[in-house]
Each structure stands twice: as structure tokens, then as C-alpha cells.
Amino acid sequence: MTGSRVAALGHHQPAKVLTNEDLAAMVDTSDEWITSRVGIKTRHIGGPDEPVDELAAHAAAKALAGAGLQPADIDLVLVATSTAIDRSPSMSARVAARLGMESPAVMDINVVCSGFTHALATADHALRAGAATRALVIGADKMGDIVDWTDRSSCVLMGDGAGAAVVVADSEDAEVPGIGPVLWGSVPAMGDAVRIEGTPPRFAQEGQSVYRWATTQLPPIARKVCERAGLTPEDLAAVVLHQANLRIIEPVARKIGAVNAVVARDVVDSGNTSAASIPMALSKMVERGEVPSGAPVLLFGFGGNLSYAGQVIRCP
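Below: a short report on this structure.

Rules and cut-offs
- Residues numbered from 1 in each chain as written.
- Predicted model: local features only at pLDDT ≥ 70, side-chain atom pairs only at ≥ 80, totals over all residues.
- Heavy atoms only, no water.
- Pairing = 2+ DSSP bridges.
- Helix = DSSP H or I, 4+ residues; strand = E, 2+ residues; numbered from the N terminus.
- Core = buried A, V, L, I, M, F, W, Y, C linked by side-chain atoms within 4.5 Å.
- Buried < 20%, exposed > 50% of the residue type's maximum accessible area, 1.4 Å probe, protein only.
- Contact = heavy atoms within 4.5 Å.
- Phe/Tyr/Trp six-rings, centres within 6.5 Å; stacked < 30°, edge-to-face > 60°.
- Lys NZ or Arg CZ within 6 Å of the ring centre and 35° of its normal.

1. Considering the pairing of strand 9 (residues 194-197)
In this structure, strand 9 lies alongside strand 10 (residues 202-205), joined through four bridges in antiparallel fashion. Note that in strand 10 the partner of isoleucine 196 across the bridge is phenylalanine 203. If you look at the hairpin formed by strand 9 and strand 10, you'll find four residues sitting between the two strands, and glycine 198 has a positive phi there, around 95°.

Rendered as C-alpha cells:
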């Protein structure tokens, strides 16, 4: 068995930007109310002519270019999403078709906000087992399609976007694994604290329950992720948590104890993009040169189903 590593990243967001001032003209809210409660300033919202698979394909194409690979080089496509309206073709199959791939295995993974880290672990396992050689792992969601734009408690949170990673087999003599062991789990009894239900589907959550769970239960789990990777939180160069809410990100990052790490705060500009949030935030950090190549980065997703999944990766 060999390991795997993230070779390159890419991200894509719709052009339309919705500001807090724009929202204040739609519902009873204000920039001060939104900023003080969730820390979000802007979010990108896709139109009807920008489906989820298009956002995903744009992010994937950038990741492939960064890795110096062609679509035909990929034999596994995993798309983490919870906003695929159609059951079939799957989002992964649609992305593969858009990119002109030849015969990849395709699979959608719906673990809502922790979908990308679940999908990344699945790709790592597949490469380690020899079931694939190069994988495309994408987090893509169009939360603007499922949010109630008359509900000020939820519509201020959401944005649309996609982030992608090319995952390749690592050499057997690599000193440290490019993708560390995953630690994942859930709290099924509290799964209905975050919901996407109904026809048409609508997002809803028990905000206080999610906040208490995230800020109290998740930091020790995140520290265990570091332990599994053979590191301490002080060794981390960056921490990329699910970009749910700045009031969750900052205390969780502080409680993890990653005192030397850059903490992703893309939620300020992008809002909560569910499965897209982690790869998109990391792609932007790498693009800006904020994390050195090879440096350890903690990825930690959490949210819907009250599920979580995290791993330490080496920055591409």
C-alpha cells in the first residue's frame, strides 16, 4: 500500500456578489446585525444558468491545470454536495461529462458541510488500496437555491461556490503521509439540528444547538486528528475549518491550540458554502502564498447530520 497527497487545488465562485446592504433591502437586517452575529460581509450567489456541476467543473479544471494533468488522467471523481436536486445523473457523472473524461468511477457524497473531508478520506483510502491512481475530489454547493430568502436568520449565512483537489498516489518512501489518517463520526440523535428538507428543499437549523456542539465538542476531536497525524497543534501551519460562522471558527481554532497557524476566514467574503467551504478556502490561501508547500494543514469539516471529519494534509 502507498499513501496519497493533494497535488493541486482550484476554486470557483459565481460572479454575482450579494452584500449585507443588499440583504438589508430584502429582509429586516443590517450590516451591523449580520457582522456582529456571523462575521459575514459578502457572499456569491449563482443564477439559474449556473448549476452546481458547472461550478464544480470550473474548480476542477483549475485544479487539473495546477497539477499538470488532463481529464483523461483521472480515474475517480468524488463530488461532495447536498444541493444536487436530481437523483441521476449524479453530480460526479455530470462533472466528468463536462470535463470530457473517458471512464472514471463517479460517486457523490452527501455529508453536507463535512462532505469534502469525508470525500478526501475516501479518495485517500481508494488510492492506498490500489482501486484508483488519480482522483478528483470536489466540494460544490449552491446554497442560494435552498435557502429561504425571507428568513433573516438563515439567508444571511449562505453562499455558492466550489473547490477541488487533485489527489495522487504518494511514493512509498515519503517521509510523512501527504494525507494523514481521518477521524470521522457523527451524533445521529442530534442530526435534525441541521436540515435540508421538503419540496422544494429548504435549509433550516437549530443555530444555538449547532453553536454549542461545535464550540464545546469539536476542539478535542480536532486535537485527536493532530495526534493521529503524529503532530501537535503547535506544529500546524494552517487550520481550515468548515466556514460556517466566524463566531464558531475563531473560538474553535483558539481551543485547538494551533498558536502558530494561519486560520482560514473565507467565510467573511464567501459565506457558508457547505461542502465547498474547506477546499475553496484552502485554494485561496495557497493562491495567496499564505501556506508553504509541504507544510501541515488541518482540515476539519463539521455540520449537517452533526457529522465531522478531519485530517492533516501536506500543503501542495
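2. Description of the nonpolar core
A general feature of soluble globular proteins is that nonpolar side chains tend to end up buried together. One finds Leu218, Leu236, Leu241, Leu298, Phe300 and Phe302 to be the most contacted residues of the largest nonpolar core, which totals 48 residues. Looking at this core, the elements with two or more residues in it are helix 2 (31-38), helix 7 (207-228), strand 11 (238-241), helix 8 (246-256), strand 13 (296-303) and strand 14 (307-314). Among the elements that take part in this core, helix 7 stands out by supplying eight residues, more than any other. When near neighbours in sequence (up to four residues on either side) are disregarded, phenylalanine 300 contacts Thr117, Leu218, Ile221, Ala222, Val225, Val240, Leu241, His242, Ile278, Tyr308, Ala309 and Gly310. The next biggest cluster of nonpolar side chains, apart from the first, holds 34 residues, and it includes Phe116, Leu120, Ala165 and Ala295.

3. Overview of the packing of aromatic side chains
Between two aromatic rings, the relevant description is the distance of the centres plus the angle of the planes. Following the criterion strictly, the structure yields two aromatic pairs and no others. With centroids separated by 6.4 Å and ring planes inclined at 40°, the aromatic side chains of phenylalanine 300 and phenylalanine 302 adopt a geometry described as tilted. Overall, phenylalanine 300 belongs to the buried group, its relative accessible area being 1%. Residues phenylalanine 300 and tyrosine 308 carry aromatic rings whose centres are separated by 6.5 Å and whose planes lie at 20° to one another, so their mutual orientation is stacked. By way of ring pairs, the aromatic residues Phe300, Phe302 and Tyr308 are connected into one cluster. One Lys or Arg, arginine 247, reaches over the ring of tyrosine 211 and ends 5.3 Å from the middle of that ring.

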